[in-house]
Amino acid sequence: SVGGITLSALIASTMYGGAVAACGVAGGANVDKLTVMPFILRGIRLLGVDSVHASDTARKRVWDDVCATLDADTLASNSSLIPLAKVPEYAPKILKGQVRGRIVVEIS
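Below is a summary of the structure that appears in this document. (Residues numbered from 1 in each chain as written. Predicted model: local features only at pLDDT ≥ 70, side-chain atom pairs only at ≥ 80, totals over all residues. Heavy atoms only, no water.)

Digging into the overall build of the chain
Regarding its fold elements, the chain presents five helices and four strands. Each helix (α) and strand (β) of the chain, taken in turn from the N terminus, gives the series α-β-α-β-α-α-β-α-β. Residue burial in the chain is summarised as follows: out of 108 residues, 12% are buried. The long-range share in the chain, meaning contacts at least 24 apart out of those at least 6 apart in sequence, stands at 55%. About 8200 Å² of surface is accessible on the chain, with carbon and sulfur atoms providing 62% of the total. (Helix = DSSP H or I, 4+ residues; strand = E, 2+ residues; numbered from the N terminus. Buried < 20%, exposed > 50% of the residue type's maximum accessible area, 1.4 Å probe, protein only. Contact = heavy atoms within 4.5 Å. Areas by Shrake-Rupley, 256 points an atom, 1.4 Å probe, with all protein chains shown as cover.)

Following this line, the structure appears as structure tokens:
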């Protein structure tokens, strides 16, 4: 998740015994209107992803798992390519949670 409102919404909609992995704070470091109730009543877990201090071995294992389980067609259907000049147009939409999927910025 990207933090902020998105993280709050993910936790609120997570099923019994589920887990949410937080790997960034692009949407904000605060979790708005979040109580401990989902954690207590539904056994929800919030998992922090440490990508800074992960060992090369751990990184390779994770990327191998991603490559083995992620369908390339699904990834392509949820991806958009935008030129660098469009980033100022997309940034506010991303921060407001109005963009779904992956956006790849073409630098050249």
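Focus on the packing of aromatic side chains
Inspection of the entire model under this criterion finds zero aromatic pairs. Directly above the ring of Tyr 90 sits Lys 93, whose terminal nitrogen or CZ lies 5.3 Å from the centroid. (Phe/Tyr/Trp six-rings, centres within 6.5 Å; stacked < 30°, edge-to-face > 60°. Lys NZ or Arg CZ within 6 Å of the ring centre and 35° of its normal.)

A word on the pairing of strand β4 (residues 102-106)
Where strand β3 (residues 79-83) and β4 come together, five bridges link them in parallel fashion. When the sheet's bridge partners are listed, Ser 79 is paired in β4 with Arg 102. Handedness of the crossover joining β3 and β4 through helix α5 (residues 87-95) is recorded here as right-handed. (Pairing = 2+ DSSP bridges. Right-handed = clockwise from strand over helix to strand, strands pointing away.)

Any link to function would need more than the numbers given here.
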